[in-house]
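# Descriptive analysis of the structure
Each chain, letter by letter, is given below.
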Amino acid sequence: AFSPRIFSGIQPSGGLTLGNYLGALKRFAEKQDEGIETIYCLVDMHAITVWQDPAKLRQQTREGAAAFIASGVDPARSILFNQSQVSAHAELAWIFNCVARLGWMNRMTQFKDKAGKNAEAASLGLYAYPALMAADIMAYHATHVPVGEDQKQHLELTRDIAAKFNHDYGVEFFPIVEPLIEGAATRVMSLRDGTKKMSKSDPSDQSRINLTDDADAIAAKIRKAKTDPEPLPDTLDGLKDRPEARNLVNIYAALAGMTAAEVIAQNAGAQFGTFKPKLADLAVSVMSPITTEMNRLMQDPAEIDRILGAGADRAEAIARPILDQVYDITGM
Ligand code: ADP
Ligand code: NA
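Residues numbered from 1 in each chain as written. Chains lettered and ligands numbered in written order. Predicted model: local features only at pLDDT ≥ 70, side-chain atom pairs only at ≥ 80, totals over all residues.

Here is the rule: UniProt positions are given in the numbering used here, feature names are shortened, and annotations may be inferred rather than shown by experiment.
Per an unreviewed UniProt entry, the recorded name for the chain is Tryptophan--tRNA ligase, and the organism is Pseudotabrizicola alkalilacus. UniProt annotates the chain under Subunit (unreviewed entry) with the comment "Homodimer." Word for word, the UniProt comment on the chain under Subcellular location (unreviewed entry) is "Cytoplasm".

## Details of the overall build of the chain
Condition: By the criteria applied, helices consist of DSSP H or I runs no shorter than four residues and strands consist of E runs no shorter than two, each listed in order from the N terminus. All radius of gyration figures rest on C-alpha atoms, and the globule criterion is 2.2 Å times the number of residues raised to 0.38. In this description, a residue-residue contact is defined by the distance between C-beta atoms placed from the backbone, which must lie within 7 Å.
Per the secondary structure count, the chain includes 13 helices and five strands. Relative to the 2.2 N^0.38 estimate, which gives 20 Å for 332 residues, the radius of gyration of the chain is 20 Å and therefore close to what a compact globule would have. Overall, the C-alpha framework of the chain stretches about 65 × 45 × 40 Å when taken along its three principal axes. Across the chain, contacts joining residues at least 24 apart in sequence account for 77% of those joining residues at least 6 apart.

## Some details on the site of ligand 1
To be explicit about the condition: Throughout this description, a residue near a molecule or strand is one whose C-beta atom, derived from the backbone, lies within 6 Å of it. Charged means Asp, Glu, Lys or Arg here, nonpolar means Ala, Val, Leu, Ile, Met, Phe, Trp, Tyr, Cys or Pro, and polar covers whatever is left, Gly included.
Lining the immediate surroundings of ligand 1 are 18 residues, of which Gln11, Gly19, Gly23, Ala24 and Gly148 lie closest. Looking at the shell around ligand 1, the element that brings in the most residues is helix α1 (residues 18-31), giving four residues. For the shell around ligand 1, the per-class residue count stands at six nonpolar, eight polar and four charged.

## Brief notes about the domain arrangement of the chain
Note the threshold: These domain limits were set by an automatic method or by a database of domain assignments.
Looking at the chain, the domain boundaries give domain 1 (5-181 + 301-330) and domain 2 (205-295). Taking only C-alpha atoms into account, the centre of domain 1 sits 30 Å from that of domain 2. On the side of domain 2, eight residues touch domain 1, which itself brings 10 residues to the contact. Looking at the side of domain 1 that touches domain 2, the elements with two or more residues in it are α1 and α3 (54-70). By residue class, the composition of the side of domain 1 that touches domain 2 is seven nonpolar, three polar and no charged.

## Here's the deal with the environment of aspartate 53
Positionally, aspartate 53 belongs in the loop between α2 (44-47) and α3. The spacing of aspartate 53 and alanine 119 is 66 residues in sequence and 22 Å in space, taken between C-alpha atoms.

## Points about the packing of helix α9 (residues 215-223) against helix α12 (residues 272-298)
Rule in force here: Helix axes use the C-alpha atoms of the stretch in contact, all axes being lines fitted to C-alpha atoms, and the angles between their N-to-C directions lie in the range 0 to 180 degrees. By definition in this entry, angles of less than 35 degrees are roughly parallel, angles greater than 145 are roughly antiparallel, angles of 65 to 115 are roughly perpendicular, and the rest are oblique. For any helix crossing, the convention is left-handed if the near helix is rotated counterclockwise from the far helix by under a right angle, and right-handed if that rotation is clockwise.
Here α9 crosses α12 at 150°, and the two axes come no closer than 9 Å. Between α9 and α12, the interaxial angle falls into the category roughly antiparallel. Between α9 and α12 lies a crossing of right-handed hand. On the side of α9, the interface is formed by Ala215, Ile218, Ala219, Ile222 and Arg223, while α12 contributes Lys276, Leu279, Ala280, Ala283, Val284, Met287 and Ser288. When the residues that make up the contact of α9 with α12 are grouped by side-chain class, the tally is nine nonpolar, one polar and two charged.

## Let's talk about the UniProt feature "binding site: L-tryptophan" (unreviewed entry) in the chain
Spelled out, the test is: Each residue is classed by its C-beta neighbour count within 10 Å, where at least 20 other C-beta atoms makes it buried, 12 or fewer makes it exposed, and intermediate counts make it partly exposed; the C-beta atoms are placed from backbone geometry.
Here, the residues flagged by UniProt with the feature "binding site: L-tryptophan" (unreviewed entry) are Asp136. Examined against the element boundaries, aspartate 136 turns out to sit in helix α7 (residues 124-138). Take aspartate 136: there are 27 C-beta atoms within 10 Å of it, and that puts it in the buried class. If we skip the residues at most four places from it in the chain, aspartate 136 touches Phe7, Gly9, Cys41, Val43, Gln83 and His89.

## Considering the confidence of the model for the chain
For clarity, the cut-off: Scored from 0 to 100, pLDDT reflects the predictor's confidence in each residue.
For the chain, per-residue confidence averages 96 on the pLDDT scale, and residues scoring 70 or more make up 100% of the total. Scored as a whole, the predicted complex attains pTM 0.95, and scored at its interfaces, ipTM 0.94.

## Things to note about the packing of α3 against helix α13 (residues 301-330)
It is the contact of α3 with α13, at a shortest axis distance of 10 Å, that shows an interaxial angle of 75°. With respect to α13, the axis of α3 lies roughly perpendicular. Seen from α3, the contacting residues are Arg62, Ala65 and Ala66; seen from α13, they are Pro301, Ile304, Ile307 and Leu308. Tallied by class, the residues present in the contact of α3 with α13 amount to six nonpolar, no polar and one charged.

## Describing unusual backbone geometry
For histidine 141, which is not glycine, the phi torsion reads 50° and is therefore positive. The class of histidine 141 is partly exposed, set by 18 C-beta atoms lying within 10 Å.

## So, the pairing of strand β3 (residues 79-82)
Filter applied, for reference: Whether two strands pair depends on DSSP finding at least two bridges between them.
Of the two faces of β3, the one lined by Ile79 and Phe81 and the one lined by Leu80 and Asn82 are each fully buried. One ladder, built from four bridges, connects strand β2 (residues 37-42) with β3; its direction is parallel. Counted as the bridge partner of leucine 42 is asparagine 82 from β3.

## A short note on helix α10 (residues 243-256)
For clarity, the cut-off: Residue count minus one, scaled by 1.5 Å, sets the expected span of a helix.
Along its 14 residues, α10 runs 20 Å from first to last C-alpha, staying within 8% of the 20 Å computed at 1.5 Å per residue. Taken across its 14 residues, α10 has 11 buried, putting it largely inside the fold. The set of residues buried in α10 consists of Glu244, Ala245, Asn247, Leu248, Val249, Asn250, Ile251, Tyr252, Ala253, Ala254 and Leu255.

## A look at the environment of alanine 115
Position of alanine 115 among the secondary structure elements: in helix α6 (residues 109-115). When residues no more than four places from it in sequence are discounted, the contact partners of alanine 115 are Ala122 and Leu126.

## Some words on the pairing of β2
Two faces belong to every sheet, and in a regular strand the side chains alternate between them. Filter applied, for reference: The path from the first strand over the helix to the second decides the hand: if it runs clockwise while the strands point away from the viewer, the crossover is right-handed.
Burial analysis of β2 places five of its six residues in the buried class, the great majority of the element. In this sheet, β2 lies alongside strand β1 (residues 5-10) in parallel orientation, the contact comprising six bridges. Opposite serine 8, over in β2, you have tyrosine 40 as the bridge partner. For the crossover from β1 across α1 to β2, the handedness is right-handed.

Now the structure itself:
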């Protein structure tokens, strides 16, 4: 039996959004209160699967760390560090590259989305990304991973790799990880198109709320969010074919700590002319303190580096003995 341990990560590739906050950061902080060991990582080695300007990457890694802390991740209670500082990730990723099958990787839809039409020009790293993600998780024998729905397929792959390693070497060495995909905002959608996820890679800045947006920008984006002309329905069922309306209700629910059904019950029959300003006020009241705290933390980059360095030491202390055993099991 493996003792419960949570691992998750975020890429420091810039432009964190409300989707990253509600789908990941907020929940990372909540997990600290559940008496489970929590390990969180800025995954810079994932970020460079697409070329990153070195100075910007360094800056974005600190900004990502500030976002974690401003969202409530406490570096004293959680291990918070930067992936490239703990070499166990890269070492285990190579071994997992030799366990994972090409056929499995070929089925990864995120690679297809991110590589786009010219997949031949994508980096080998972008293709192998899910094996590195499996290594991130398994280097700590993590048992649970809180993520958004977009990561479900990658977590399935992590389970497959762990099971195949265990089978091929006749050991019960790696746990079979459970995804924690829960809450109202497992998939925050674009404010301009309710069928696309809110993402930093969307060309329209109006489609997303950035963690660095000020109160005016947040309110303006919500006011201009795409909706249909109908008022809010009496029951959740009435949102079935209304993805934009459903998204705003989900965002409200996640920000308020309510269920979508509770939001509908409170706002049945409301026009968007009424509901949007309410949502904007709520979003500003939740997000503004986070932005302010991020900006404050960014004034002292040396302190952020110190926190990440201390986190890396603690991460290394867990991962190194696991890697030692992996080398032993594999005959290396
Ligand atoms: P991105 O998908 O923006 O490139 P990452 O891959 O680093 O960012 O994802 C970081 C975390 O944020 C993951 O747990 C992912 O599931 C979550 N996440 C990203 N976008 C959204 C979204 N629109 N809604 C909910 N969760 C999201
Ligand atoms: Na993602």
